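For reference, the chains in residue letters:
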Amino acid sequence: MALSFVVDPVLSSALRDEVVQLWVDVTNAGGAVGFVGPVTVDEVRPVAEAAFAGVESGIDRLVVGLDDGRVVALLFVVDNRFGLKAHWRVLKRVMVLPGSQGLGYGAALMRQAADVGRALGLDGLQVTVRDGHGLDGFYRKVGYREVGRVPGALRIGPGDDRDELFMWLDLR
């Protein structure tokens with residue numbers, strides 16, 4: 001594993017395309033990153049561009065994991081845009097390249113996010129998890145705990161409602 005991280009990389013056209021393609025690949029492999037597959041680049045791009053705008057404005061942060069120069073993992077550290085919540089952030093679009101799971105990239109990405117949070121002086125990080133994928137177990141292993149659950153909050157399809165779990169990492 002030759003994984004390295006870049007925080008807030010220059011959002012070149014090539015990097016944007018690579019991130020969008022990763023997002024499509026993760027979604028189409030069953031990943032819970034804001035869509036239900038199958039999706040196309042054209043469907044993901046507007047959502048990605050909105051996320052990039054938050055990074056470019058300096059409000060949000062982007063953490064990119066690279067292996068041999070290729071984007072294999074990423075997440076957004078998103079500001080709550082509300083003064084009473086300025087002491088913590090939400091991790092969004094946590095993703096690892098399909099076929100790269102099991103190599104430790106996800107755990108390394110989450111450690112990097114915690115380092116970013118500490119560098120920002122934050123008290124904590126929150127991530128929402130779509131129930132039914134077993135991802136809460138992964139987040140528990142990297143130090144997060146479940147702090148809330150909204151039953152049936154996510155409608156994946158007809159007759160397929162999933163709970164939305166709120167998980168928290170205390171950085172204090």
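Procedures and definitions
- Residues numbered from 1 in each chain as written.
- Predicted model: local features only at pLDDT ≥ 70, side-chain atom pairs only at ≥ 80, totals over all residues.
- Heavy atoms only, no water.
- Helix = DSSP H or I, 4+ residues; strand = E, 2+ residues; numbered from the N terminus.
- Rg over C-alpha atoms; globule rule 2.2 N^0.38 Å.
- Buried < 20%, exposed > 50% of the residue type's maximum accessible area, 1.4 Å probe, protein only.
- Contact = heavy atoms within 4.5 Å.
- Core = buried A, V, L, I, M, F, W, Y, C linked by side-chain atoms within 4.5 Å.
- Phe/Tyr/Trp six-rings, centres within 6.5 Å; stacked < 30°, edge-to-face > 60°.

J.: Break down the overall build of the protein for me, with residues and values.
T.: Scanning the protein from N- to C-terminus turns up four helices and seven strands. Each helix and strand of the protein, placed in order from N terminus to C terminus, yields the pattern β-α-α-β-β-β-α-β-α-β-β. The C-alpha atoms of the protein give 15 Å as radius of gyration, which agrees with the globular expectation for 172 residues (16 Å, within 12%). Overall, the protein is about 40 × 40 × 30 Å in size when its C-alpha atoms are taken along their principal axes. Considering the protein as a whole, with its 172 residues, one finds that 42% of them fall into the buried category. Summarising the internal contacts of the protein: among those between residues at least 6 apart in sequence, 59% fall at separations of at least 24.

J.: Quick one: what's the story with unusual backbone geometry, residue by residue and with numbers?
T.: The step from glycine 37 to proline 38 runs through a cis peptide bond, and the omega angle for that step is 5 degrees. Among the structural elements, proline 38 can be located in the loop between helix H1 (13-28) and helix H2 (41-56). A positive phi is found at aspartate 8, a non-glycine position, where the angle reads about 55 degrees. Counting through the fold element by element, aspartate 8 comes out in the loop between strand S1 (3-7) and H1. Overall, the relative accessible area of 29% leaves aspartate 8 in the partly exposed class. The residue arginine 81 is not glycine, and still its phi comes out positive at about 55 degrees. Along the chain, arginine 81 turns up in the loop between strand S3 (70-79) and strand S4 (88-96). A relative accessible area of 47% means that arginine 81 is categorised as partly exposed.

J.: Let's hear about the nonpolar core: which residues, and what values?
T.: Core analysis: the largest hydrophobic core is formed by 51 residues, its most contacted members being Trp23, Leu75, Phe76, Leu91 and Tyr144. Of all the secondary-structure elements, those providing two or more residues to this core are H1, H2, strand S2 (61-67), S3, S4, helix H3 (105-119), strand S5 (124-130) and strand S7 (160-170). It is S3 that provides the largest number of residues to this core, a total of eight residues. If sequence neighbours within four positions are ignored, phenylalanine 76 has contacts with Trp23, Ala51, Phe52, Val55, Arg61, Leu62, Val90, Leu91, Lys92 and Arg93.

J.: Residue-level account of the packing of aromatic side chains, with values.
T.: With the rule as written, the count across this model stands at six aromatic pairs. Summarising the aromatic geometry, the rings of phenylalanine 52 and phenylalanine 76 are spaced 6.3 Å apart at their centres and angled 45 degrees between planes, so their arrangement reads as tilted. Taken together, the positions of phenylalanine 52 in helix H2 and phenylalanine 76 in strand S3 put the pair 24 residues apart, joining distant regions of the chain. With relative accessibility at 0%, the residue phenylalanine 52 sits in the buried group. Arranged with centres 5.9 Å apart and planes meeting at 75 degrees, the rings of tyrosine 139 and tyrosine 144 form a pair that is edge-to-face. In this pair, the class of tyrosine 139 matches that of tyrosine 144, namely buried. Ring-pair connections join several aromatic residues into one group, and the members of that group are Trp23, Phe35, Phe52 and Phe76.

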